[in-house]
Amino acid sequence: MGVRDSHGEATATPDPVEKGFATLNTIRIGVKAMVQKDGELRKAEILSIRQRKDGPSFYVHYVDFNKRLDEWIDSTRIDLSHEVEWPQPEKPEKKKAGPGNKAPSKNAQKRARAGSREVSATPDLLTGKNTNIGKAQRPSKAGGKENRDETPANLSVLDSEAISADVTPKPEMEDVDMIGVSFTDTKEEHEQGKMSREEEIERLRTSGSMTQNPTEIHRVRNLNRLQMGKFDIEPWYFSPYPASFSDVDMVYIDEFCLSYFDNKRAFERHRSKCTLVHPPGNEIYRDDRISFFEVDGRRQRTWCRNLCLLSKLFLDHKTLYYDVDPFLFYCMATRDETGCHLVGYFSKEKDSAEGYNLACILTLPQYQRLGYGRLLIAFSYELSKREGKLGSPEKPLSDLGLLSYRQYWRETLVELLIEPGRESMSENELAVLTSMTEKDVHETLVVFNMLRYHKGNWVIVLTDQVVEQHNKRLEKEKIKGSRKIDPARLQWKPPVFTASSRTWNW
Amino acid sequence: MGRTRPKKLTSKASIPVVREHDIDAIEEEVQNALQQIETGVEKAEESEFHLQAAINASAQGKVNEAHIPTPETVLSSLRYDELYPPIFSQPATYIRFSSTVEDCCGCPYNMTEEDDVFLKIMNEKRDAADRCTEDQFEEVMHFFEETAQTKQPFAAVDNPPVLSFTEIQDAMDAAVEESVKRFAKDVYEHWKSRRTETGNRSLMPSLKFETGQETDDTDPYVCFRRREVRQIRKTRGRDAQSADKLRRLRKELEDARQLVALVRQRELARKEMLAIERQVFLQRSEVKEMKRKLNLKDDDEDLINQKPKKKPTEAPAVQRPVAPQLRMPPKAGTQAAEDLQLLEDVQAEKENEILRDINQNIAKHIKWNEGYVDFTRAPLSPSPERTFQAAFRPAITAQLPTPPSSDSSENMMDTTLDNPSTLSLRDKLAPQTMVMSDDTSRMPSFRRRIGRGGRLFIDRRNLVSRCRVELDPWKADRFKYDQEDSDEELDFERDQFDIHIMQHRAIMMAKARDQAAAAAQAQAQAQRRLQADQTANNPGQTMGSNPGPGAIAPTPET
Ligand SMILES: [Zn+2]
């Protein structure tokens, strides 16, 4: 099962799951119920509840579905004719490690609220000026401990509430954040080899990583809808845009400078003043369809921050914990008479100790499934070739990232192996020719069942399947034209950063 | 089971490439063992339904079924063409660009509907001529926001009251735009009420950055923290090096500070001088007034500072045959700053020394040659001082044909600092002079003499009334210290100078040509009439005074 943050614990004391029938009034956060999804019933965890004029609305995470499919549903979609799984009661020893007396008391209060959904039960300190229970509650329902079915030790309200507490956007809550609780909690969870938060932050600090531990990212989506360019887009994940943005129905993003607005009139005013028409960097590649721009995180801090905020909406594992300075952003754009429209990008550490040639990669949702992702990946390897290095993307990959990479790797290797007259090749040769790491070459061959042990010798088998796929691709390219990066059009030298610029962050 | 373990595969090992039909059976257990490949996806996500389906589909070659559902994207109802005008034209070469978002977005404050309503009401109360535009309104609001940010940087933490108007007024210095000052009062109440509504938070939505509080760490909205500087290995040598660098840096900064302080001092002195000069002038006008009352005959002499400006740097003894360029009446572009005069002194002194040496050598040479006849082809060239010193020089010598390129303006300071560049500047100008003036005798000319006590005289010849005396050292001196105050000013000076000089040249050339043509015509006619049967004796002379036939007559100034 999709045990996100507790797979290590799955082996620990498995308490029996408490089941029973629930009513709309007894459903609370952490409950797993059967929910109608695309014509079938799926188990889903309630992550948040908000009151509306026409009844309560529930934010649910479908077990074993990606978080991007989490959504707000109304009560009619919850099938109460099935038993629900109740969240586990809180474990008393966790309280001990709490940050003081404040935390448990707040949790108690919050638990009361969660159970009864009683507006008045919410302490003033939590809601502050904002007496709208919907607003006050929504962000605090990050819960995030979905996929809890096998991990009863964590199925406590305290647990999910504790995590949620630090998610709240209300400034009044800052000072009562549940650092201690979530902290200890995390530590306990990570006893079996997972990173603690401190370790996590240390890793971020020293490695220049752009991804982070899943405990950080369990959040309820904070933006409702996005307007950008010609499209309306649904955000997939949480992104730390200004907290007040979760109150509006639509957030407007300027397609060129990527500035964000929660007000249409302000956005229009901005558009009348904004003169940017392409990513603010140097164009390093241009062909008939696309251009690539290299944007330095330190020189273009605002733009790169805007880009990161935007892409966080679609990348679950991206972290914005640290600033954008140590990265270069390679932005792909299509051109028309209004400008160069950002289609996707990847970021790359100026100096990757681990030899990564790519940190984060994203094709904007409005341009997905058009082959751009493959171009982005190809471009990242083209840069590595220019650098004379072998490279690999930083892990973890997203599900979409994995599929894209595997496809690219397979196609790239098959293309080389199928060349006429090719009788044998070492993995190292393949790596050097593609700038892929030997590990990626090897694993790709294995995954696609191309590396086999035959009569006492290793052989690379061009299976009928990969050959067929290769031919199909050639045919498709014949009709649609091939989408490739032409190295001759790349005007780029690997940028050099002096020791002092790295040391001083200049 | 129980078969031999496969050979170890190294990355350098060449592996035969075969097609599937080339081999027969697959050795299952080995294959199974190989399948344990990490996906690189987060463990918890690896098992997700759609990902697994997609992996399986692609493993079976059904790439089209390898599909992970994502929330849908739809076309927006917003009018794209209204928001994004077609203003982009692709340059032929790859774009190079370094402006930032801030550079490209104008005023950071953007009006909302609420502001619209307020502005409309506010403008209704005003005259049509004195209305506040949307841009001006935004500037005002932005100024308020900025001032609040500077004065209450921790507003999010300690919740101070909204900034009062007096406090805002305090922040209005000279740099604040006039329109902002004009509308500030009217807009203030509106701003205040909006700030109050939001609990004195910024009206422009902003990200949450580090506040230094402990809560930062767990607040998911806090983003883009500063990454600590990478640790460098510490060694004693490195420490010493750094300390040295820091010390040097500090010294340089101190020098710069000193320089600024001195400039300030100088400017204060100058201000004082101006005040005194004004005083003098006022008193002189009183004298003039008095004279008028007493019916004394009078021109404006009394109003002018009669005192000739002495040039302390000019050493009267200097007789420079090769360096008159250095002592050309200072042009606006090559002014020395006051603090640079010391250098000039030094340079003059050095030159004197050299000249003295040369003179001595000449004397020695003459002495040495006494009683001998020198048959060398070009005997020691005579010192040109006599012929040169007394010569008038045409005024156009110093003219620049076009405004100088911008990069030379950066080097302005340098031109006074080192002689070679002054010389080379003149060298550059020299050919221009040749081309422009076939006959310089009719051009306005200047001669500089040095009189007793080092007094400097400028003799002028062929001066046209219109001609501005750009080269008058007295006037030029007036601007002497304005040059390095700021680069903008500098450019402005030069531009003006160049325009005038061009205008001046145009007039000069037109005049010279007209005069020459008229003279030639008159002469030719006279000659023709008086000596009709004779050919002109001296047509070359007449022709010689004509400017080139190809010259385009400049239009007189308007
Ligand atoms: Zn913009």
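Residue positions are counted from 1 within each chain, in the order its sequence is given. Lettering of chains starts at A and numbering of ligands starts at 1, both following the order in which they are written. In keeping with the model being predicted, local features are shown solely for residues with a pLDDT of at least 70 and side-chain atom pairs are shown and tallied solely at 80 or more, while totals for entire chains, interfaces and linings include all residues. Just so you know, side-chain values use all the structure's heavy atoms and leave hydrogens and water out.

### Details of the overall build of chain B
Thought 1: Helix and strand definitions follow DSSP, with helices as H or I runs of at least four residues and strands as E runs of at least two, each counted in order from the N terminus. Scanning chain B for helices and strands turns up 19 helices and five strands.
Thought 2: Exposed residues in this analysis have more than 50% of their type's maximum accessible area, buried residues have under 20%, and partly exposed residues fall in between, with area computed by a 1.4 Å probe over protein chains only. Burial analysis of chain B (558 residues in total) assigns 31% to the buried set.
Thought 3: Two residues form a contact once any of their heavy atoms are found within 4.5 Å. Counted over contacts in chain B with a minimum sequence separation of 6, partners at least 24 positions apart contribute 65%.
Thought 4: Each accessible area is a Shrake-Rupley result for a 1.4 Å probe, and residues are judged covered by the shown protein chains and nothing else. For chain B, the accessible surface area stands at approximately 37,400 Å², while carbon and sulfur atoms represent 54% of it.

### Some words on a nonpolar patch on the surface
Thought 1: Nonpolar side chains (Val, Leu, Ile, Met, Phe, Trp, Tyr) are joined into patches within 5 Å and like charges within 9 Å, using only residues with over 30% relative accessible area and no salt bridge. Whenever Lys or Arg places a side-chain nitrogen within 4 Å of a carboxyl oxygen from Asp or Glu, that contact is recorded as a salt bridge. A contiguous nonpolar surface patch, about 310 Å² in accessible area, is contributed by Leu246, Leu249 and Leu253 of chain B.
Thought 2: With respect to the helices and strands, the residue Leu253 of chain B is situated in helix H11 (residues 236-293).

### As for the coordination of the zinc ion
All names here are of chain A.
Thought 1: Listed donor atoms are N, O and S within 2.8 Å of the metal (Na, K and Ca: 3.2 Å). As water is not included, a site may look incomplete. Those donors, Asp254 (OD), Cys257 (SG), His270 (NE2) and Cys274 (SG), are the protein atoms that reach the zinc ion, and they lie 2.0 to 2.4 Å from it.
Thought 2: Coordination at the zinc ion is tetrahedral, judged from the four donor atoms that bind it and the angles of 87 to 128° they form at the metal.
Thought 3: In the primary sequence, the donor residues of the zinc ion line up as D-x2-C-x12-H-x3-C. With Asp254 in the loop between strand E10 (251-253) and strand E11 (260-261) and His270 in helix H8 (residues 264-273), the pair connects residues that are 16 residues apart, well separated along the chain. Per residue, the accessibility class of Asp254 equals that of His270, and both read buried. Square planar and octahedral sites, with four and six donors, are those where opposite donors lie more than 155 degrees apart and all other angles lie between 65 and 115, tetrahedral sites have four donors with every angle between 85 and 135 degrees, and the rest are irregular.

### Quick look at the packing of aromatic side chains
Thought 1: Pairing of aromatic rings covers Phe, Tyr and Trp, the last through its six-membered ring, and needs centres within 6.5 Å; plane angles under 30 degrees mean stacked, over 60 mean edge-to-face, and all others mean tilted. According to the stated counting rule, one finds 33 aromatic pairs over all chains in the structure shown.
Thought 2: Arranged with centres 4.9 Å apart and planes meeting at 85°, the rings of Tyr321 of chain A and Tyr322 of chain A form a pair that is edge-to-face.
Thought 3: Remark: a charge is flagged as sitting over a ring if the NZ atom of Lys or the CZ atom of Arg is within 6 Å of the ring centre and within 35 degrees of the ring normal. The lysine or arginine in question, Arg42 of chain A, covers the ring of Phe49 of chain B, its NZ or CZ lying 5.4 Å from the ring centre.
Thought 4: Geometry around Phe448 of chain A places Arg410 of chain A over its ring, the cationic atom sitting 5.4 Å from the centre.

### Digging into the sheet that holds strand E20 (residues 451-454) of chain A
Thought 1: At least two DSSP bridges between two strands are needed for those strands to be called paired. Pairing is mixed in the open sheet, where four strands are placed in the order E19(A)-E1(B)-E21(A)-E20(A). Of all strands in the sheet, those with a lone pairing partner are strand E19 (424-426) and E20 of chain A, marking the two edges. Taken pair by pair, the neighbouring strands of this sheet meet at an average axis angle of 45°, ignoring direction.
Thought 2: Here three bridges tie E19 of chain A to strand E1 (residues 14-19) of chain B, and the two strands are oriented antiparallel to one another. Fitted lines through C-alpha atoms serve as axes, helices being fitted only where they are in contact, and the angles separating the N-to-C directions of these axes extend from 0 to 180 degrees.

### Observations concerning the interface of chain B and chain A
Thought 1: Each partner contributes residues to the interface: chain B has 112 residues there, and chain A has 153 residues.
Thought 2: When chain B packs against chain A, the two sides together hide about 11,900 Å² of surface, and 56% of this comes from carbon and sulfur.
Thought 3: When the area that chain B buries against chain A is broken down by residue, the three leading residues are Tyr94, Tyr221 and Arg227 of chain B, summing to 8%.
Thought 4: At the boundary of chain B and chain A, one finds seven salt bridges.
Thought 5: Close ionic contact of Asp135 of chain B with Arg269 of chain A constitutes a salt bridge, the shortest N to O distance being 2.7 Å.
Thought 6: In protein, a polar contact requires one atom able to donate a hydrogen and another able to accept it; more generally it is a pair of N or O atoms within 3.5 Å, and residues adjacent in sequence count only if both atoms are side-chain atoms. Seen at the junction of chain B and chain A, the total is 60 residue pairs in polar contact (both at pLDDT 80 or more). Once two parts are brought into contact, the accessible area they lose, counted with a 1.4 Å probe and summed over both, makes up the buried area.

### Considerations on the UniProt feature "modified residue: N6-acetyllysine" in chain A
Residue and element names in this part refer to chain A.
Thought 1: With numbering matched to this structure, UniProt assigns "modified residue: N6-acetyllysine" to Lys318.
Thought 2: With respect to the helices and strands, Lys318 occurs in the loop between helix H9 (301-312) and strand E14 (327-336).
Thought 3: What makes Lys318 buried here is its relative accessible area of 1%. UniProt positions are given in the numbering used here, feature names are shortened, and annotations may be inferred rather than shown by experiment.

### Observations concerning the pattern of salt bridges
Thought 1: Enumeration over the complete set of coordinates arrives at 51 salt bridges over all chains.
Thought 2: Measuring nitrogen to oxygen at the nearest pair gives 2.6 Å for the salt bridge that ties Arg265 of chain A to Asp116 of chain B. Taken together, the positions of Arg265 of chain A in helix H8 and Asp116 of chain B in helix H6 (residues 113-124) put the pair across two chains.
Thought 3: Residue class for Arg265 of chain A comes out buried when judged on its relative accessible area of 17%.
Thought 4: When its relative accessible area of 22% is taken as the criterion, Asp116 of chain B is described as partly exposed.

### A few points about H6 of chain B
Owing to its 3.6 residues per turn, the α-helix aligns residues three or four sequence positions apart on the same side.
Residues and elements named next belong to chain B.
Thought 1: Compared with the 16 Å implied by 1.5 Å per residue over twelve residues, the 17 Å span of H6 between its first and last C-alpha is a close match.
Thought 2: For H6, the complete set of buried residues consists of Asp115, Phe118, Leu119, Met122 and Asn123. Down the axis, H6 shows its buried residues gathered within 130° of arc, on one side only. Away from its buried face, by an angle of more than 90 degrees, H6 presents the exposed residues Val117, Lys120 and Glu124. Any helix carries an expected span of 1.5 Å times its number of residues minus one. By definition, the arc is the one covered by directions from the helix axis to the C-beta atoms.

### Concerning the sheet that holds strand E15 (residues 339-349) of chain A
Either a parallel or an antiparallel arrangement is found when strands of a sheet pair, and the pairing is made through backbone hydrogen bonds.
All names here are of chain A.
Thought 1: Taken together, five strands build an open sheet; the order of strands is E12-E13-E14-E15-E17 and the sheet is antiparallel. One side of each edge strand has no neighbouring strand; the edge strands of this open sheet are strand E12 (282-286) and strand E17 (361-363). Recorded for the sheet is a direction-independent mean angle of 25° between the axes of neighbouring strands.
Thought 2: Sheet strands touched by H9: strand E13 (290-296), E14, E15 and E17. Its angle to E14, the strand with the most contacts, is close to 80°.

### Comments concerning the UniProt feature "short sequence motif: ESA1-RPD3 motif" in chain A
Thought 1: In the numbering used here, UniProt assigns the "short sequence motif: ESA1-RPD3 motif" feature to residues 301-322 of chain A.
Thought 2: The straight-line gap between the two end C-alpha atoms of residues 301-322 of chain A is 12 Å; of that span, 55% is helix and 0% is strand.

### Things to note about the nonpolar core
Thought 1: Core analysis: the largest hydrophobic core is formed by 120 residues, its most contacted members being Phe292, Trp303, Leu310, Phe329 and Phe379 of chain A.
Thought 2: Looking at this core element by element, the count peaks at nine residues for helix H11 (residues 399-417) of chain A.
Thought 3: Excluding its chain neighbours within four sequence positions, the residues that come into contact with Trp303 of chain A are Phe256, Cys257, Leu258, Leu276, Pro279, Pro280, Val295, Cys331 and Leu342 of chain A together with Val101 of chain B.
Thought 4: Buried Ala, Val, Leu, Ile, Met, Phe, Trp, Tyr and Cys residues that are joined via side-chain atoms within 4.5 Å together make up what is termed a nonpolar core. One finds Leu119, Phe144, Ala148 and Phe165 of chain B within the second-largest nonpolar core, a separate group that totals 26 residues.

### Some points on the side chain of Lys273 of chain A
Thought 1: Relative to the assigned elements, Lys273 of chain A resides in helix H8.
Thought 2: Those residues within four positions of Lys273 of chain A in sequence are excluded, and the remaining contacts are Cys104, Cys105, Cys107, Tyr109, Asn110 and Glu138 of chain B.

### What to know about a negative patch on the surface
All names here are of chain B.
Thought 1: Positive charges come from Lys and Arg, negative ones from Asp and Glu, while His and the chain ends are left out of the count. Here the site of a charge means atom NZ of a Lys, CZ of an Arg, CG of an Asp or CD of a Glu. Residues Asp345, Glu349, Glu353 and Asp357 make up a contiguous surface patch of negative charge.
Thought 2: With respect to the helices and strands, Glu353 occurs in helix H12 (residues 341-369).
Thought 3: Using a relative accessible area of 48% as the deciding quantity, one classes Glu353 as partly exposed.

### Considerations on the side chain of Ser259 of chain A
Thought 1: In this fold, Ser259 of chain A is placed in the loop between E10 and E11.
Thought 2: Look at Ser259 of chain A and you get buried, because its relative accessible area is 12%.
Thought 3: Those residues within four positions of Ser259 of chain A in sequence are excluded, and the remaining contacts are Tyr252, Ile253, Asp254, His270 and Asn306 of chain A together with Val101 of chain B.

### Details of the packing of H11 of chain A against helix H3 (residues 49-59) of chain B
Each packed pair of helices is defined by two parameters, the angle between the axes and the distance between the axes.
Thought 1: Packing of H11 of chain A against H3 of chain B brings their axes to within 10 Å, and their N-to-C directions diverge by 10°. By the criterion of interaxial angle, the relationship of H11 of chain A to H3 of chain B is roughly parallel. For the pair H11 of chain A and H3 of chain B, the contacting residues are Asp399, Leu402, Leu403 and Arg406 of chain A in the first and Leu51, Ala54 and Ile55 of chain B in the second.
Thought 2: Residue composition of the contact of H11 of chain A with H3 of chain B, by class: five nonpolar, no polar and two charged. When describing relative orientation, an angle under 35 degrees is termed roughly parallel and one over 145 degrees roughly antiparallel, while 65 to 115 degrees is termed roughly perpendicular and anything else oblique. Just so you know the grouping, Ala, Val, Leu, Ile, Met, Phe, Trp, Tyr, Cys and Pro go in nonpolar, Asp, Glu, Lys and Arg go in charged, and all remaining residues, Gly too, go in polar.

### Description of the pairing of E20 of chain A
Residues and elements named next belong to chain A.
Thought 1: Side chains Leu451 and Tyr453 project from E20 onto one buried face, and the interleaved Arg452 and His454 project onto a second face that is buried too.
Thought 2: Where E20 and strand E21 (residues 457-462) come together, four bridges link them in antiparallel fashion. Each bridged residue has a counterpart across the sheet, and for Tyr453 the counterpart in E21 is Trp458.
Thought 3: Following E20, the chain reverses through two residues before pairing antiparallel with E21; Lys455 in that reversal takes a positive phi of roughly 50°.

### Regarding H3 of chain B
Thought 1: All of the buried residues along H3 of chain B are His50, Leu51, Ala54, Ile55, Ala57 and Ser58 of chain B. Buried residues of H3 of chain B, viewed axially, fall in a sector of 165°; they line one side.
Thought 2: Residues of H3 of chain B that are buried make contact with H11 and helix H14 (464-480) of chain A together with helix H2 (43-46) of chain B.
Thought 3: Positioned one or two residues after H3 of chain B, Gly61 of chain B has a phi angle of 85°, which is positive.

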